Number of protein chains: 2
Amino acid sequence: MGLGELGSPMAANLLDSGYDLTVYNRTPSKAEPLVKRGAQLASDPLEVAAKGGVVVSLLWDSDTTESVVTPEFLARMEGGVHVCMCTGSPEAAKRLARLHEEHGSAYVEAPIFGRPEAAKARQLAISYVGSQVAKDRVKPLLTAMGAHALFDMGEQPGIPTVLKQLGNFLIFSAASSLKEGLGIAESAGLDPTAAINMLTATLFPAPIYRDYGKAVAEKKHVDASPIPAKDLGLFRQLAVEHGQPNPITLMLLQLMSPSNQ
Amino acid sequence: MGLGELGSPMAANLLDSGYDLTVYNRTPSKAEPLVKRGAQLASDPLEVAAKGGVVVSLLWDSDTTESVVTPEFLARMEGGVHVCMCTGSPEAAKRLARLHEEHGSAYVEAPIFGRPEAAKARQLAISYVGSQVAKDRVKPLLTAMGAHALFDMGEQPGIPTVLKQLGNFLIFSAASSLKEGLGIAESAGLDPTAAINMLTATLFPAPIYRDYGKAVAEKKHVDASPIPAKDLGLFRQLAVEHGQPNPITLMLLQLMSPSNQ
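Residues numbered from 1 in each chain as written. Chains lettered and ligands numbered in written order. Predicted model: local features only at pLDDT ≥ 70, side-chain atom pairs only at ≥ 80, totals over all residues.

### What to know about the interface of chain A and chain B
Now for step 1: Facing the 53 residues of chain A at the interface are 53 residues of chain B.
Now for step 2: Looking at the side of chain A that touches chain B, the elements that each hand over two or more residues are β7 (124-128), β8 (147-152), α8 (159-187), α9 (192-201), α10 (207-217), α11 (227-241) and α12 (247-256) of chain A.
Now for step 3: Take the side of chain A that touches chain B: its biggest share by element is 18 residues, from α8 of chain A.
Now for step 4: Partitioned by chemical class, the residues of the side of chain A that touches chain B number 37 nonpolar, 15 polar and one charged. (Contact = placed C-beta atoms within 7 Å. Helix = DSSP H or I, 4+ residues; strand = E, 2+ residues; numbered from the N terminus. Nonpolar A, V, L, I, M, F, W, Y, C, P; charged D, E, K, R; others polar.)

Listed below in structure tokens is the structure:
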């Protein structure tokens, strides 16, 4: 369920690995390439749930995920496993885990680090929690979907979601700082490409600095996606809920607001 | 000249590599370990300048460096090379380069990336500019002082200083974001050490994330140094001079102010 920029290549990877697959997407046209490659098309979320089966969801957020996990959905997937890969809230992850447990199914929380290109290249990083039995069952599926690095974080729901939000916050912080910093440095005469080459060969040998730094240096247009603001809003909410200082989070949110683009 | 936390191990490296060395420091006691290992002690900056010799300075900032480069100093070091390694302003670097050229000596601007431990381990990164002749002459000295990676940025003064300020800004931004982010994530139940291990194995395989992340995760006290605020202030000044937006720089400066520690 959920054939967006990440879900589509991950579903294609599953087909390539020989798995039987039923796909659902709110806008069904996005499923066409997968149906051509052998996937069954479901016209309703309920149709992907089967007794003892595995459901993988990658929907917009926790609310959209919870709206799908209805009593009927839960009844249909008894004995099965729901692998939820969206970036939502840790509280919703706890609710969903409890709900599945109460209805005789398992919930594996497995948010993804990686862009669509990384999904295609099977280079995703996935941290996950769930019962040991459920994790053992879905581990080969996570690899088949494109996970290059898998991090078993135990059984406590909410943990991978917090980690995902933290990682996103650090990515947005690095990206915004690269934009601001390279702008200042270039105005003072520094060639931004030479700067990125030097910095990523020494202090910052990390993909985000290399890829985003190169895009900023070359003034490439980066499509404005609504996802960063959504994810960062979740992290800010977490900070507020726990009374933690969050001045950088707040500033990054302000920089992402449409009036600042 | 300048035997601080970085200058001292770099001077020791030079002695270890067999170079003759005269050292100067405003507080002479800091020179004692080097004198015991064979360095000559100068009681005045003028005493380190010799016709055709190489002077290496690593003073607090551009102002302290310019205060040393007096007409008498310039006259004494005719035919020589001044390797200036401080983090100053690009405008001062241009003035100093011009001044040396006018007095028959050369100026090599070579600010350093690396902490004292990296100096001891000869793992510094140094970007530098100057005339080709001067660079060829001092290159072996930079290596002997502890440079692991050398980046020849051409001949235009000011460029390595802007690069150094940009790199520092990105370091401070990453460090402050790690502190804020790990604080929020830990309050929401995530083990900060597990988080740093996962993030540096995937998205952020960079020394600053590994080392500073570990220090924050383990609640290690990091000595408050006045250097970050000084360096970040220079970057902010650069932004203002060139009319560039700098909201993150300004926020980091505010977070560094004593009232926020």
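### Re the sheet that holds strand β6 (residues 112-113) of chain B
All names here are of chain B.
Now for step 1: Taken together, three strands build an open sheet; the order of strands is β6-β7-β8 and the sheet is mixed. Of all strands in the sheet, those with a lone pairing partner are β6 and β8 (147-152), marking the two edges.
Now for step 2: With two bridges joining them, β6 and strand β7 (residues 124-128) adopt antiparallel strand pairing. In the sheet register, I112 faces β7, and the bridge partner there is I126.
Now for step 3: On top of the sheet, helix α7 (residues 132-145) reaches β7 and β8; it is set at about 155° to β8, its chief contact. (Pairing = 2+ DSSP bridges. Axes fitted to C-alpha atoms, helices over the stretch in contact; angles between N-to-C directions.)

### Concerning the sheet that holds strand β5 (residues 106-109) of chain B
All names here are of chain B.
Now for step 1: Taking strand neighbours across the sheet as the criterion, the three strands line up as β3-β4-β5 in an open arrangement whose pairing is parallel. Of all strands in the sheet, those with a lone pairing partner are β3 (54-57) and β5, marking the two edges. Sheet twist, expressed as the mean angle between neighbouring strand axes with direction ignored, is 20°.
Now for step 2: Relative to β5, strand β4 (residues 81-84) runs parallel, the two sharing four bridges. Considered in β5, the bridge of C84 is made with E109.

### Concerning unusual backbone geometry
Now for step 1: The backbone phi angle of R122 of chain A is positive, close to 55°, even though this residue is not glycine.
Now for step 2: With 18 C-beta atoms counted inside 10 Å, the residue R122 of chain A sits in the partly exposed group.
Now for step 3: Positive phi, normally seen in glycine, also occurs at K219 of chain B, with a value near 55°.
Now for step 4: Mapped onto the elements of the fold, K219 of chain B is located in the loop between α10 (207-217) and α11 (227-241). (Buried ≥ 20, exposed ≤ 12 C-beta atoms within 10 Å, placed from the backbone.)

### Quick notes on the packing of α11 of chain A against α12 of chain A
Residue and element names in this part refer to chain A.
Now for step 1: One can describe the packing of α11 onto α12 by two numbers: an axis separation of 10 Å at closest approach and a directional angle of 155°. It follows from the interaxial angle that α11 and α12 lie roughly antiparallel. In terms of crossing hand, the pair formed by α11 and α12 is left-handed. Contacts between α11 and α12 pair P228, A229, L232, G233, F235, R236 and A239 from the former with T249, L250, L252, L253 and M256 from the latter.
Now for step 2: A breakdown of the residues in the contact of α11 with α12 according to their chemical character gives nine nonpolar, two polar and one charged. (Parallel < 35°, antiparallel > 145°, perpendicular 65-115°, else oblique. Left-handed = near helix turned anticlockwise from the far one by under 90°.)

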